[in-house]
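Listed below are the residues making up each chain.
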Amino acid sequence: MIDEPALKQIAETTGGSYHRAENADELETALDSLPGAFTVVREKVDTAAGFAAGGALLVGSALALSLWWNRPRATR
């Protein structure tokens, strides 16, 4: 059993359309209503800033731990 309301909601949310086909003729009609060409959109996302921030955090942590580890200690 299919969840038609969910499929209709997905189609509406994504800007598509929902077609129910119970036989070959209805399927052919639904497929004929699809566009003949599709457009592929590629987006380039710059992740360098995230890696630089992560590296800076690691370097800062290493520096803080080094200063803490090598701190002057009172003799007992």
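Refer to the structure presented above.
These lines cover the structure that appears in this document, whether it is placed above or below.

Cut-off values and rules
- Residues numbered from 1 in each chain as written.
- Predicted model: local features only at pLDDT ≥ 70, side-chain atom pairs only at ≥ 80, totals over all residues.
- Heavy atoms only, no water.
- Helix = DSSP H or I, 4+ residues; strand = E, 2+ residues; numbered from the N terminus.
- Rg over C-alpha atoms; globule rule 2.2 N^0.38 Å.
- Buried < 20%, exposed > 50% of the residue type's maximum accessible area, 1.4 Å probe, protein only.
- Areas by Shrake-Rupley, 256 points an atom, 1.4 Å probe, with all protein chains shown as cover.
- Lys, Arg positive; Asp, Glu negative; His and termini not counted.
- Charge placed at Lys NZ, Arg CZ, Asp CG, Glu CD.
- Salt bridge = Lys/Arg side-chain N within 4 Å of Asp/Glu carboxyl O.

A separate point is the overall build of the chain. Secondary structure summary: the chain contains three helices and zero strands in total. The N-to-C order of helical and strand elements in the chain reads α-α-α. Taking 11 Å as the expected radius of gyration for a compact globule of 76 residues, we find that the chain reaches 29 Å, considerably beyond that expectation. In terms of overall dimensions, the chain has a C-alpha envelope of 90 × 30 × 20 Å along the principal axes. Looking at the chain as a whole, 3% of its 76 residues are labelled buried. For the chain, the exposed area adds up to about 7400 Å²; of that, 61% sits on carbon and sulfur atoms. Of the side chains in the chain, 7 bear a positive and 10 a negative charge, and the two mean positions are spaced by 34 Å.

Overall, the coordinates contain two salt bridges when judged by the stated rule. With its nearest N and O atoms 2.3 Å apart, the salt bridge here joins glutamate 4 to arginine 20. Of this pair, glutamate 4 sits in helix α1 (residues 4-13) while arginine 20 sits in the loop between α1 and α2 (24-32), placing them 16 residues apart in sequence. Judged by its relative accessible area of 42%, arginine 20 falls in the partly exposed class. The closest approach of N and O atoms between arginine 20 and glutamate 22, which form a salt bridge, is 2.8 Å. Each of the salt bridges in this network shares a partner with another, and the network as a whole consists of Glu4, Arg20 and Glu22.

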